[in-house]
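# Descriptive analysis of the structure
One letter stands for each residue in the lines below.
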Amino acid sequence: MISCPWRGENLVTRICVLGDAHLDVVVRLGGPVAPDTDTPARTQVGVGGQAANVAAWISALGGQARLIAAQGTDLAAGLITQELARRGVDLAGPVLDGPTGVVVSLSEGGTSRSMLTDRGVGPRLSAATLDPGWLAGCDWLHLPAYSLASEPVSGAALAAAAQLPRLSVDLSSTALLREFGPARFRGLLGRLRPDVVFGTADEVALIGGPPAPADLVVKLGARGVRAGGRVHPARPVRAVDPTGAGDAFAAGYLVGGVGLGLDAAARAVAKMGAMP
């Protein structure tokens, strides 16, 4: 039975997550979108981005998290900084002239969601702007595929991965993987040799599975996860919004293994929004 994603007795001191921090606008539709008129909906606005979500959940679950992300110069950037600090996340990264990213998530019935994505300054984090001091005290790096499949942020991600001893990668998005090239991304994983790869069944099938020796954790939605050669059932929960459930699971897994990951995912789907 898997209890921890790393081997031996040394626990992770601080987990660095490199990627986007943006505004999440979660929209839970009350019915089909009515053209040219109103559609009832519930909405929630807050901090988001896969990297920011994972970092916030790590902190909420008792771990130490540092988020390395480009920060914009608009009003939203200040909101993000304050909210992440409130959640115990150590935020590092350059301030770049430009807008904060915004993602609109359309949640349908608590079981599926579609995302409209504007990443703003997020992808402009580069190797040239990466301060080695931001990685100090971290012995684990977590990278969403978003941070590996676009320039110049991929340069920063690769530079950070070369400096830390342990690495996990989340496959993030089938659309992203198709655009980048599934075989090309699998080759990139082969060069990076991550300790853990997270992905949905569709994402994993698309790249043909990660190359060895990575531990593969397949997120199965309402059915749970497949890890360590068996399926671990999801916790019973009344689903409200699936946004961020996979990010919560990844954070829990990195902090304490499959069980904590499943607990975190259940907490995530029981409420609106991706943050704890």
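See the structure printed just above.
Note that the structure is predicted; figures quoted are calculated from it, not measured. (Residues numbered from 1 in each chain as written. Predicted model: local features only at pLDDT ≥ 70, side-chain atom pairs only at ≥ 80, totals over all residues. Heavy atoms only, no water.)

## Looking at helix α8 (residues 258-269)
For α8, built from twelve residues, the straight-helix expectation of 16 Å at 1.5 Å per residue is met to within 8% by its first-to-last C-alpha distance of 17 Å. When we look at burial in α8, the residues that qualify are Val258, Gly261, Leu262, Ala264, Ala265, Ala266, Ala268 and Val269. (Helix = DSSP H or I, 4+ residues; strand = E, 2+ residues; numbered from the N terminus. Expected span 1.5 Å × (residues − 1). Buried < 20%, exposed > 50% of the residue type's maximum accessible area, 1.4 Å probe, protein only.)

## Observations concerning helix α2 (residues 75-86)
For α2, which comprises twelve residues, the first-to-last C-alpha distance of 17 Å matches the rise-based estimate of 16 Å (1.5 Å per residue) to within 8%. Buried within α2 we find Ala76, Ala77, Ile80, Glu83 and Leu84. Mapping the buried residues of α2 onto a view down its axis gives an arc of 135°, with all of them on the same face. Along α2, the residues that are exposed and aim more than 90 degrees away from the buried face are Leu75, Gln82, Ala85 and Arg86. Backbone geometry just downstream of α2 places Gly88 in the positive-phi region, at approximately 85°. (Arc of directions from axis to C-beta.)

## Some details on the packing of aromatic side chains
By convention here, two paired aromatic rings are described through the distance between centres and the angle between planes. Evaluated as defined, the whole model comprises four aromatic pairs. Geometrically, the ring pair formed by Phe198 and Phe249 is edge-to-face, given 6.3 Å between the ring centres and 85° between the ring planes. Taken together, the positions of Phe198 in strand β10 (residues 196-200) and Phe249 in helix α7 (residues 245-256) put the pair 51 residues apart, joining distant regions of the chain. With respect to burial, Phe198 and Phe249 carry one shared label: buried. Ring centres of Phe198 and Tyr253 lie 5.4 Å apart, and the angle between their planes is 90°; on these two criteria the pair is classed as edge-to-face. Placement of the pair is Phe198 in strand β10 and Tyr253 in helix α7, with a sequence separation of 55 residues. For the pair shown, Phe198 and Tyr253 are each scored as buried. An aromatic cluster is built from Phe198, Phe249 and Tyr253, whose rings are joined through pairwise contacts. (Phe/Tyr/Trp six-rings, centres within 6.5 Å; stacked < 30°, edge-to-face > 60°.)

## Some points on the packing of helix α1 (residues 50-60) against α7
Orientation of α1 relative to α7, taken along the N-to-C sense of each, is 45°, at an axis distance of 8 Å. The angle between α1 and α7 places the two elements in the oblique class. Seen along the crossing, α1 lies across α7 with a hand that is right-handed. Contacts from Gln50, Asn53, Val54, Trp57 and Ile58 in α1 reach Asp247, Ala248, Ala251 and Val255 in α7. Classifying every residue of the contact of α1 with α7 by side-chain character gives six nonpolar, two polar and one charged. (Axes fitted to C-alpha atoms, helices over the stretch in contact; angles between N-to-C directions. Parallel < 35°, antiparallel > 145°, perpendicular 65-115°, else oblique. Left-handed = near helix turned anticlockwise from the far one by under 90°. Contact = heavy atoms within 4.5 Å. Nonpolar A, V, L, I, M, F, W, Y, C, P; charged D, E, K, R; others polar.)

Any functional reading would require information that these geometric values do not contain.
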